[in-house]
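Fold and geometry: a report
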Amino acid sequence: MNEQLVLPLEDFLSRGGPGIPRARRVFCNRNLRMAGISWVGFDMDYTLAIYDQPAMDELSIRATVEKLVKRGYPDFIAHLPIDTNFAVRGLLIDKRFGHVLKMDRYKHVHKGFHGFRELSKDELRTLYHAKKIRPATPRYHWIDTLYALSEATLYAALIDALEKKGYAVDYARVFTDIRESIDEAHRDGTILEAVNSDLPRFVHRDPDLAPTLHKLRSAGKRLFLLTNSRATYTDKMMNYLLGHAMTEYPSWKNFFDIVIVAATKPAFFQERRPLLERTADDKTHPASFPLERGKIYEGGNVHDLERALGVSGDEVLYVGDHIYGDILRSKKESSWRTAMIIQELEVEVAAYESRKEDIEMTEQLDEAREKHEDDLRYLQARFKDLSRQIDHIKEKPNGVPLAEIEGERGRAKRALERVRGKLRNLESEIGVIDRRIDQRFHPYWGSLLKEANEQSSFGAQVEEYACVYTSRVSNFLSYSPQQYFRSPRDVMAHEIGA
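Quantities reported herein were computed from a predicted structural model and do not represent experimental measurements.

The subject of this paragraph is the sheet that holds strand E9 (residues 140-143). Strand pairs in the sheet, formed through backbone hydrogen bonds, run parallel or antiparallel to each other. Spatially, the five strands line up as an open sheet ordered E8-E7-E6-E5-E9, and their pairing is antiparallel. Only two strands of the sheet have a single neighbouring strand rather than two, namely strand E8 (117-118) and E9. Judged from the four bridges that link them, strand E5 (residues 91-94) and E9 form a sheet pairing that is antiparallel. Across the sheet, residue Ile93 finds its bridge partner in E9, namely His141.

To continue, consider unusual backbone geometry. For residues besides glycine, phi is generally negative; the peptide bonds are generally trans as well. Residue Pro266 is reached from Lys265 by a cis peptide bond, and omega for that bond is 10°. Of note in this structure, His244 is not a glycine but carries a positive phi near 60°. Structurally, His244 is set in the loop between helix H9 (231-242) and strand E12 (258-261). Of note in this structure, Ala452 is not a glycine but carries a positive phi near 55°. As for its position among the elements, Ala452 is in the loop between strand E18 (450-451) and strand E19 (454-455).

Packing of helix H4 (residues 149-164) against helix H5 (residues 171-187) leaves a shortest axis separation of 10 Å and a crossing angle of 135°. Viewed along their axes, H4 and H5 adopt a mutual orientation that is oblique. Here H4 and H5 pass one another in a crossing that is right-handed. For the pair H4 and H5, the contacting residues are Ser150, Glu151, Leu154, Tyr155, Leu158, Ile159 and Glu163 in the first and Tyr171, Val174, Phe175, Ile178, Arg179 and Ile182 in the second. For the contact of H4 with H5, the per-class residue count stands at nine nonpolar, one polar and three charged.

So, about the packing of aromatic side chains. Tallied over the full model, the rule gives 20 aromatic pairs. Ring geometry for Tyr249 against Phe255: centres 3.9 Å apart, planes inclined by 10°, an arrangement best described as stacked. Taken as a pair, Tyr249 and Phe255 share a single burial class, namely buried. Seen from their ring centres, Tyr479 and Phe485 are 5.2 Å apart, and the 55° between their planes marks the pair as tilted. An aromatic cluster is defined as three or more aromatic residues linked by ring pairs; in this entry it consists of Trp39, Phe224, Phe268, Phe269, Tyr318 and Trp336. The aromatic ring of Tyr484 is capped on one face by Arg486, whose charged end is 4.0 Å from the ring centroid.

What follows deals with the environment of Lys356. When you line up the elements, Lys356 lands in helix H14 (residues 356-395). Remark: the alpha-carbon pair of Lys356 and Met34, spanning 322 residues in sequence, is separated by 32 Å.

Bringing the sheet that holds strand E16 (residues 316-320) into the picture now. The strand order across the open sheet built from ten strands is E1-E20-E17-E16-E3-E11-E12-E15-E13-E14, with neighbouring strands paired in mixed fashion. Edge positions in the open sheet fall to strand E1 (27-28) and strand E14 (284-286), since each of these has one partner strand only. Where strand E13 (residues 275-278) and E14 come together, three bridges link them in antiparallel fashion. Each bridged residue has a counterpart across the sheet, and for Glu277 the counterpart in E14 is His285.

Do not read the fine detail of predicted coordinates wherever pLDDT is low. Looking at the chain, the pLDDT average stands at 90 and 93% of residues meet or exceed 70. The model gives residues 11-17 a pLDDT under 50, and that stretch makes two contacts with residues more than four places away or in other chains.

Okay, helix H2 (residues 53-70) next. Taking 1.5 Å of rise per residue, 18 residues should cover 26 Å, and H2 covers 26 Å from first to last C-alpha, within 8% of that figure. Considered for burial, the residues of H2 that qualify are Gln53, Ala55, Met56, Asp57, Leu59, Ser60, Ile61, Ala63, Thr64, Val65, Lys67 and Leu68. In this structure, the buried residues of H2 make contact with strand E4 (50-51), H4, H5, helix H6 (190-197) and helix H7 (199-202). For H2, the side-chain oxygen to backbone nitrogen distance between the N-cap and Ala55 is 3.0 Å, and the N-cap itself is Asp52. Taken from the residues just after H2, Gly72 is the one with a positive phi, measuring 115°.

Reading guide: rules and limits
Residues numbered from 1 in each chain as written. Predicted model: local features only at pLDDT ≥ 70, side-chain atom pairs only at ≥ 80, totals over all residues. Heavy atoms only, no water. Pairing = 2+ DSSP bridges. Helix = DSSP H or I, 4+ residues; strand = E, 2+ residues; numbered from the N terminus. Axes fitted to C-alpha atoms, helices over the stretch in contact; angles between N-to-C directions. Parallel < 35°, antiparallel > 145°, perpendicular 65-115°, else oblique. Left-handed = near helix turned anticlockwise from the far one by under 90°. Contact = heavy atoms within 4.5 Å. Nonpolar A, V, L, I, M, F, W, Y, C, P; charged D, E, K, R; others polar. Phe/Tyr/Trp six-rings, centres within 6.5 Å; stacked < 30°, edge-to-face > 60°. Buried < 20%, exposed > 50% of the residue type's maximum accessible area, 1.4 Å probe, protein only. Lys NZ or Arg CZ within 6 Å of the ring centre and 35° of its normal. pLDDT = per-residue confidence, 0-100. Expected span 1.5 Å × (residues − 1). Polar contact = N/O pair within 3.5 Å; in protein donor to acceptor, adjacent residues only side chain to side chain.

If you want it as structure tokens, here you go:
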């Protein structure tokens, strides 16, 4: 008889069991049945290619500063110490006052900086709480991509430095100059050439990326690449990421059934630009259908691509990082399903896990505050009732002992003061813990996806437009290509604690 082998379950469970580490999970906002997905499309930059953000920000800022000095800005700005950790996605720049703001999902401003000086609650209340903010107007500018973080960081740094030197600053002009300078640095190749010359410094090569794409293909999914990057840059980047990654794929192009570069998203989803084929001699001509694997196409529009795919929109899953260009527009202009890559998510989850005790403590303190507020309302009503009784007896004595009621009112007043003191102490304690939680997430802005008790404006956009979201494409490797991603049940306020 063969000996029955014992499975090392204790060791298995001690390593976390069969679960996927939380930071590497795919999170679901809307049910997504992968068995119903025929095509999976990918953006390249910040999706398949995960950039080293501090290195990219440093490069972008230095290239932009060089352009600004040529435009007449003082030479000293070339030597400014700049904290590349300042900005996060979802910030709003107020070009009228030179402020950088963070809002919740209801466009209520909770945090703000002028330069690197944090704005007080009174300043925020005076400027932003009396009237509704309209972020879509020319006064404001969204920072909604990782690419744009350097803009917000440099804006704050310039305002801070110029004002400390006594310069009169035109806040709107400074921002326009930054935007134009960084665009110029991209157009003239300053930034792209630096990245191209040292890809390992600027781009994280994920060894699980190729197996993830292979797993999807092996399950019968067809893949396409849809990027705004130009053909030459795309070829070099994709060769770095996927070239020679697996023997089954002689070229990175073999991973994809369709490759479209220079797509000019979000215009790709809104306009009817022609789809072109780029030939080996680096020329273009109108593409002919059906589109062929191994060829490079350029431009185009969502309607032509859907015709090439030969499926209805809800059979397409598009994976991207940009709320507006990749996620919002593909959602609004088509019925594509959407997956958002949020590379900050691993840090966000780690911060949440490390502050679980603080978060639980604030929930307990919130419950205690609610109880004390109930007590306060009762005592206020009691105090007013006793005061009315005393006034009535003084006007029309009726034999009821006045001193006894006045004594009761005095006790009610003292109880009121005790409860108010407890509430003040609770508010102070909650404030200290909230600040500590914020600092663990981000030293300036706190959580990327939350603000106070609400979702941040960025978090709300993720929930509204992304069917699923995760930190990197290779996280899908841990799931079946037929996975049914189920969203958690929505709970409204009246259902909590019921």
